[in-house]
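The chain contents come next:
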Amino acid sequence: MKVLALVSGGKDSTMNMIKCKAEGHEIVALANLYPPTGKEELDSFMYQSVGHDAIEAFAECCELPLYRAPISGRPVNQAYDYEPTVEDEVEDLFQLIRSVLEKHPDIKGISSGAIHSTYQKNRVENVCARLGLVSLAYLWGREQSGLLREMIESGIKAVLVKTAVIGLDSKHLLRTIGQMEETLNQLKDQYGVNVCGEGGEFESLTLDCPLFPRFRMQIAEHEVVNHKPCSFAPVNYVKIKKISLIPKSN
């Protein structure tokens, strides 16, 4: 099956792409929704915004065409079972996928990295049903400690680009998921933190993985932003200023 992969640049969407390929599907294009100008950190229920400046480099490393659109909607309809709603951010996804299908009418499936959020999964499935597509969410319902270990063992090198939970702060930014695995499992035992960040505890950016045949990414210039420094769970994120592509050694 030919597949369009929804990507944030993070570990989850990357891992689901790896799973799609393992199941024999062909990923033919990538799709990404990004925040409007001036809103690096977007309060979205659906989309990861931090790290969006690296998406074009991510696609280049994957050697796949990338289709992007700005997020213009808001989480207007927050009901469990989503129905099309004017000005809702889900409609941005619908319009983006529909525009990709005009260029790639042979696409039959959509890859997404949903693990735990029924809110996100239901909305991706709603969009797929409206467009006659199959939703491929191979990570759905997985036990998160085991899934994180599988991601690390699969060769995904992803770094934290946002922290937003007690126990994580700016010093953890740009550490790899391998370096953070023990800490995340400790926070799970102490506070019930989602090890894969499914509660919004952190967000990640994939710098290297088996999907990159020739190049890996390197953050060449960045700025750490203390978004909510005085809150109970301070929000810190990385604003990427420059990404370099580094040839991978054989």
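Coordinates for the structure precede this section.
Residues numbered from 1 in each chain as written. Predicted model: local features only at pLDDT ≥ 70, side-chain atom pairs only at ≥ 80, totals over all residues. Heavy atoms only, no water.

On to the state of the cysteines, then. Under the criterion given, the structure shown has zero disulfides. Here Cys128 is not disulfide-linked; the sulfur of Cys20 is the nearest cysteine sulfur, at 11 Å. Overall, the relative accessible area of 2% leaves Cys128 in the buried class. The cysteine Cys196 is free of any disulfide, with Cys209 supplying the nearest cysteine sulfur at 16 Å. (Disulfide = S-S within 2.5 Å. Buried < 20%, exposed > 50% of the residue type's maximum accessible area, 1.4 Å probe, protein only.)

Further remarks concern the nonpolar core. Membership of the largest hydrophobic core comes to 49 residues, with the highest contact counts inside it found for Met17, Leu30, Phe58, Met151, Ile156, Leu205 and Met217. At five residues, the largest contribution of residues to this core is made by helix α2 (residues 55-62). When residues no more than four places from it in sequence are discounted, the contact partners of Leu205 are Gly9, Gly10, Gly51, Ala54, Lys157, Ala158, Val159, Val161, Met217, Ile219 and Ile240. Of all hydrophobic cores here, the second largest spans 27 residues; its members include Ile71, Leu93, Leu101 and Leu131. (Core = buried A, V, L, I, M, F, W, Y, C linked by side-chain atoms within 4.5 Å. Helix = DSSP H or I, 4+ residues; strand = E, 2+ residues; numbered from the N terminus. Contact = heavy atoms within 4.5 Å.)

Position of Pro247 among the secondary structure elements: in strand β9 (residues 235-247). Look at Pro247 and you get exposed, because its relative accessible area is 56%. Expressed as a C-alpha distance, the spacing of Pro247 and Phe215, which sit 32 residues apart in the sequence, is 4.5 Å. Non-local contacts of Pro247, meaning those with residues more than four positions away in its chain, are made with Arg214 and Phe215.

The subject of this paragraph is the pattern of salt bridges. Applying the stated criterion to the full structure yields 14 salt bridges. A salt bridge links Glu125 to Lys121; its shortest N-O distance comes to 2.8 Å. Of this pair, Glu125 and Lys121 both sit in helix α4 (residues 118-131), four residues apart, which is roughly one turn of the helix. The residue Asp208 makes a salt bridge to Lys248 at a minimum N-O spacing of 2.9 Å. Placement of the pair is Asp208 in strand β7 (residues 202-208) and Lys248 in the segment after β9, with a sequence separation of 40 residues. Judged by its relative accessible area of 17%, Asp208 is buried. On the basis of relative accessible area, Lys248 is assigned to the partly exposed category, the value being 25%. Three or more residues joined by partner-sharing salt bridges are found here, namely Lys19, Arg142 and Glu150. (Salt bridge = Lys/Arg side-chain N within 4 Å of Asp/Glu carboxyl O.)

If you walk across this open sheet you meet the five strands as β3-β2-β1-β4-β5, and the pairing is parallel. Bordering the open sheet on either side are β3 (66-70) and β5 (134-136), each of which pairs with just one other strand. Taken over all neighbouring pairs, the strand axes of this sheet differ in orientation by 30° on average, direction set aside. Here strand β2 (residues 26-34) runs beside β3; their pairing, made up of five bridges, is parallel. Paired with Leu33 across the bridge in β3 is Ala69. Each of β1 (2-6), β2, β3 and β4 (107-111) is contacted by helix α3 (residues 89-103), which is oriented at about 150° to β3, the strand it contacts most. (Pairing = 2+ DSSP bridges. Axes fitted to C-alpha atoms, helices over the stretch in contact; angles between N-to-C directions.)

Packing of helix α5 (residues 144-154) against helix α6 (residues 177-191) leaves a shortest axis separation of 10 Å and a crossing angle of 175°. Comparing the axis directions of α5 and α6 gives the class roughly antiparallel. Residues Ser145, Leu148, Arg149, Met151 and Ile152 of α5 lie in contact with α6, whose contacting residues are Ile177, Gly178, Glu181, Leu184, Asn185 and Lys188. When grouped by side-chain class, the residues that make up the contact of α5 with α6 number five nonpolar, three polar and three charged. (Parallel < 35°, antiparallel > 145°, perpendicular 65-115°, else oblique. Nonpolar A, V, L, I, M, F, W, Y, C, P; charged D, E, K, R; others polar.)

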